[in-house]
Structure formats: C-alpha cells, structure tokens
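Working through the structure, step by step
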Amino acid sequence: MALDVDRARAETRGLENQVHLNNAGAALMPAPVADRLRAFLTAEERFGGYETAAAEQAALENFYTAGARLLNARPDEIAFVENATRAWDMAFYALPLGPGDRVLTSHAEYGSNMIAYLHRARQTGAEVAVIPADDTGTLDLDALTGMIDDRVKLISISHVPTGGGLVNPAAEVGAIARAHGIPYLLDACQSAGQMPLDVAAIGCDFLSATGRKYLRGPRGTGLLYVARRWIERLDPPLLDQHAAELISATEYVVRDDARRFENWECFFAGKAALGLAIDYAMDWDLSAIWQRVRHLADRLRAGLADLPHVTVTDRGREHCGLVTFTHSRQSADAIKAAAAQAGFNVSVSSGSGSLIDFRARGLSAVTRASVHYYNTDDEVDRFTAFIGRIPS
Ligand SMILES: Cc1ncc(COP(=O)(O)O)c(C=O)c1O
C-alpha cells in the first residue's frame, strides 16, 4: 500500500525549515508526537511530575503495548531505557561470561558495542571474535557457522550499522543461533522504524532500539526487548527499587518482567511520546514505510553514483535508508557544512562508530544522508544536484 506522503509531510512541521536527510541521526518528530510530549511537560509544570504520571498512567502503559506490537512481542518483554546503548548494555552486561567464552560479533559493529565487548573481555577473560563479511560486506553466514563451537556464549550483531546502508541478515543469523542454542542479541537501533521487525521471525533473544531515529520519537528514549524465556534467568547489572523490591534488611526480590532492566526515575514524557510515536509508525504500516525508504535511498544512491568525484560507500546485498559517500576533493565535514548552508541536514560517520569496518576499507569519514518516508524524490534530486555542484 502506498503511503500518503502529503499527509505525512503536513504532519511534520520540521520539513518547513529544511531538507532533513539526517534521519539516522534523529528523525523529525511528527506533530502529534511533539504535541503530546509538550502537553505532558506542560502538565508536569502545572500539576507536578508525580501527579502527571498518575494521571497519565494509560499513556505510560501504552509504551509497553506499542513496543510489543512493533516487535511482535509481549508487553512484559519490553523495558523503557534512556537510549539504545543502555538498553543493549542492560542485556549484554547481564549475560554470564567467563574465561575462554567467546562472543561473536559483526564486522561493521557499532563502536560502543565493541567497547563493551572489550570491557567485559578484560573483566572476565572472555574473547571477542569478529564474524567476517562476505565480498558484499554482509555478515558471512557460512563463516559464522564455521565459528560455532562450545565456547560461543553469545552472538551479538548490529542489524544496520551506523556508517552505511548495509542490512545484515538478522533472521538467518537467528536461525543459526537457535539451531545451536546460543543467545542472540540484536542491535536494531538503526533498523527499528524503517523496516518491519518481528522478534519471533528473527529468532533473537534480546533486541535494543532507540526512540529518536527512524521511530521518530523524542531524544533520551530507548527500548529493550528480552524474550520471556530469558527474563528470570538474567541478573540485571544494576538494580533499584523499581527493578527489585527490598523485603527485609538482607533480602530483595527482582521483578519478573522486563522492567527489571529499567530505572525508577526516567523521562516520563518521553516514554508516553515514544509509545505514541510507535503507534504512529504502525498506523502508517512498517512495510509501506520500508518500501518508500528503500525507493528514496536507491534513487539517492543511483544519483550520487553517477556524479564524478563521488563514491558511494554503502556495502551489502540488501540496502536501507542510510546512504553514505565520499568526495574525492572535499572532506565529509566540509560537505556537511556546505549542505547545512544550503538547507540540507546530513551527518558525518567517522571515528569509533564504524572503526573496524572503516579501517578495513581505508575510510576515515563518510557523509551520511539518511532518508525517511516523508522525504520526496524532489528533495533527493535537489540534494544530488547540490552535491554535483560542489567544487572539485
Ligand atoms: C548501530 C547503532 N547502535 C547503537 C547506537 C546507539 O544508540 P543511542 O545513541 O540511542 O544509544 C547507534 C547510534 O547511532 C547505532 O547507529
């Protein structure tokens, strides 16, 4: 089903100001979500934070039902966390690892995840091994199968890496993890909101996502999914009196749902608004969003690839809404600055975020233009023409 782009644009006030191609950084909130967030904060101002939370109980609970619907999970498998990194951490740091255990991860792994693997490797004596990419840059499933042995205690990959348009084969990895009974953690930070995600079909045990990117929620919000079968087997790395209850001077009982991974104090307005942002995305239909995002990204990639001095740096067999490129004469930072002057929001991927993958490819920084369903062919073409005019 085709998306009503005019309505999507009419409900996105930020589009009046610029061409927003930084959706993988933070997408523009739809008006109903931004209005909901503002109304919640106004109520906190007028009536008090605790009083507003009590009055908004239904909207706060809606976060869990919306998150469950998004992922084909159960509401008690969903936790609200302040961002994708902490959501991911709460699962990763809860998993037992010891000397000689192995964690298998993707080649284009997100930098913070890589740091956490190395951190725990230093703490526990476990090892991190990178699953090679095939010649398209996609995680090599045969190589993964060949790396499986009794020492592998976790498979943990980025679905869509931060620095390119690659989509890793999440469900195929899930089938391998399931076949060998190995826990599987999926970083869906960049994929949630741009494509349908079904944890049963993917076969992951844990999944992390952020609110502000393709889900179009507010900053400072994130989501963790933990499969029911795992919840009570995982000891969260941090506990408070929301995650657990103190029952005597020496004892506490940890909650039996995914909220054991949460904090008591959190961004309540953001939680209500993210629930609404998820409902809003589901109303459009994730398959329709995915179809349109790929159409726009393919058009942008093809246009950029035709330009002299421009090299599209996306790899992978399957591509998504992130489009990355280099220019033979201008740095990524210079392109970002010039684009901002001309009314185009883009970002730069560099440094820690994609270090292993970029080093292997001799890249240090790329310009990242990331489309969402509310962008248009005309915006994509104008951006391509703008890049074509950059002095070289
Ligand atoms: C693949 C990937 N994982 C995790 C994150 C971290 O998300 P957050 O900033 O919400 O913690 C990012 C952020 O860009 C990302 O691209």
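All of these numbers come straight from a predicted model, not from anything done at the bench. (Residues numbered from 1 in each chain as written. Predicted model: local features only at pLDDT ≥ 70, side-chain atom pairs only at ≥ 80, totals over all residues. Heavy atoms only, no water.)

A short note on the environment of Arg382
Rules: Every helix listed is a DSSP run of H or I at least four residues long, and every strand listed is a run of E at least two residues long, numbered separately from the N terminus. A contact between two residues is defined here by any heavy atoms of the two lying within 4.5 Å.
By secondary structure assignment, the location of Arg382 is in helix α15 (residues 377-389). Between the C-alpha atom of Arg382 and that of Phe344, which follows or precedes it by 38 residues, the distance is 9.5 Å. Excluding residues that lie within four positions of it along the chain, Arg382 makes contacts with Val19 and Phe344.

A few points about α15
Worth spelling out the cut-off: Every helix has an expected span of 1.5 Å times one less than the residues it contains. Classification of residues uses two cut-offs on accessible area relative to the type maximum, computed with a 1.4 Å probe and protein chains only: under 20% is buried, over 50% is exposed, and between them is partly exposed. To obtain the arc, one takes the directions from the helix axis to the C-beta atoms.
End to end, α15 covers 18 Å across 13 residues, agreeing with the expected 18 Å (1.5 Å per residue, within 8%). Among the residues of α15, those classed as buried are Glu379, Val380, Phe383, Thr384, Phe386 and Ile387. Seen end-on, α15 carries its buried residues on one side only, within an arc spanning 160°.

Remarks on the packing of aromatic side chains
For clarity, the cut-off: In summary, the pairing rule links any two rings of Phe, Tyr or Trp, Trp by its six-membered ring, whose centres are within 6.5 Å, and it sorts them by plane angle into stacked for under 30 degrees, edge-to-face for over 60 and tilted for everything else. In this scheme, the term charge over a ring applies when either NZ of a lysine or CZ of an arginine sits within 6 Å of the ring centre and within 35 degrees of the ring normal.
One pass over the full model with this rule turns up 15 aromatic pairs. An angle of 80° between the planes, with centres 5.1 Å apart, marks the rings of Phe63 and Tyr64 as edge-to-face. Connected via pairs of aromatic rings, a cluster forms that spans Trp88, Phe92, Tyr93 and Tyr117. Taking NZ or CZ as reference, Arg233 lies 4.0 Å from the ring centre of Trp230, over its face.

Remarks on the sheet that holds strand β2 (residues 78-81)
What counts here: Pairing between strands is defined by DSSP: at least two bridges between the two strands are required. Inter-axis angles, ranging from 0 to 180 degrees, are taken between N-to-C directions of lines fitted to C-alpha atoms, where helices are fitted over the stretch in contact.
In spatial order, the strands read β2-β8-β7-β6-β5-β3-β4; together these 7 strands make up an open sheet with mixed pairing. The sheet terminates laterally at β2 and β4 (127-131), the two strands that pair on one side only. Neighbouring strand axes in the sheet, compared pairwise and without regard to direction, differ in orientation by 20° on average. The sheet contact formed by β2 and strand β8 (residues 222-226) spans 4 bridges and is antiparallel. Bridging from a neighbouring strand, Val81 pairs with Gly222 of β8. Where helix α5 (residues 84-92) meets the sheet, its contacts fall on β2, β5 (152-158), β6 (184-187), β7 (206-210) and β8, and the angle it forms with β7 comes to roughly 165°.

Observations concerning the domain arrangement of the chain
Our working definition: Domain start and stop positions are those given by an automatic or database domain assignment. Throughout, buried area stands for the accessible area (probe radius 1.4 Å) lost by two parts on being put together, summed over both.
In terms of domain boundaries, the chain breaks down into domain 1 (5-28 + 285-389) and domain 2 (32-283). The gap between the C-alpha centroids of domain 1 and domain 2 is 26 Å. Every contact between the two is made by 41 residues of domain 1 and, on the other side, 40 residues of domain 2. Buried area between domain 1 and domain 2, summed over both chains or domains, comes out near 3,100 Å², and the portion from carbon and sulfur atoms is 50%.

Looking at the packing of α5 against helix α6 (residues 111-124)
The test is simple: Just so you know how the angles are binned, under 35 degrees is roughly parallel, over 145 roughly antiparallel, 65 to 115 roughly perpendicular, and the rest oblique. Crossing handedness is read from the near helix: turned anticlockwise from the far helix by less than a right angle, it gives a left-handed crossing, and turned clockwise, a right-handed one. Under the grouping applied here, Gly and all other residues not named as nonpolar or charged are polar, the nonpolar ones being Ala, Val, Leu, Ile, Met, Phe, Trp, Tyr, Cys and Pro and the charged ones Asp, Glu, Lys and Arg.
Taken N-terminus to C-terminus, the directions of α5 and α6 make an angle of 30°; their axes are 11 Å apart at the nearest point. Taken together, α5 and α6 sit at an angle that is classed as roughly parallel. Considering only the axes of α5 and α6, their crossing is right-handed. Between α5 and α6, the contacting residues are Thr85, Trp88, Asp89 and Phe92 on the first element and Ser112, Asn113, Ala116, Tyr117 and Arg120 on the second. Looking at the contact of α5 with α6 residue by residue, the classes come out as 4 nonpolar, 3 polar and 2 charged.

A short note on a nonpolar patch on the surface
Under the convention used in this document: Distance thresholds for patches are 9 Å for like charges and 5 Å for nonpolar side chains (Val, Leu, Ile, Met, Phe, Trp, Tyr), applied to residues having over 30% relative accessible area and no salt bridge. Each accessible area is a Shrake-Rupley result for a 1.4 Å probe, and residues are judged covered by the shown protein chains and nothing else. Any Lys or Arg side-chain nitrogen located within 4 Å of an Asp or Glu carboxyl oxygen qualifies as a salt bridge.
Together, Val130, Leu355 and Ile356 give the surface a local cluster of nonpolar side chains, amounting to about 190 Å² of exposed area. Here Ile356 lies in helix α14 (residues 355-360).

A word on the sheet that holds strand β11 (residues 310-312)
Read across the sheet, 4 strands follow the order β11-β12-β15-β14 without closing on themselves; strand pairing throughout is antiparallel. Each edge of the open sheet carries a strand with a single partner, namely β11 and β14 (347-350). With strand direction ignored, the average angle separating the axes of adjacent strands in the sheet is 40°. Its contacts with the sheet put helix α12 (residues 286-305) on β11, β12 (322-327) and β15 (365-370), and the angle it makes with β12 is roughly 10°.

Description of the nonpolar core
The condition that has to hold: Side-chain atoms within 4.5 Å link the members of a nonpolar core, which is a set of buried Ala, Val, Leu, Ile, Met, Phe, Trp, Tyr and Cys residues.
If you look at the biggest cluster of nonpolar residues, it comprises 119 residues, and the most contacted ones within it are Leu71, Ile155, Tyr184, Phe383 and Ile387. Broken down by element, the residue count for this core peaks at 10 residues, all from helix α11 (residues 268-284). Each of two domains, domain 1 (5-28 + 285-389) and domain 2 (32-283), supplies a minimum of three residues to this core. Leaving out residues up to four positions away in the same chain, Tyr184 has contacts with Leu154, Ile155, Ile157, Ala170, Val173, Gly174, Ala177, Ile202, Gly203, Cys204, Asp205 and Phe206.

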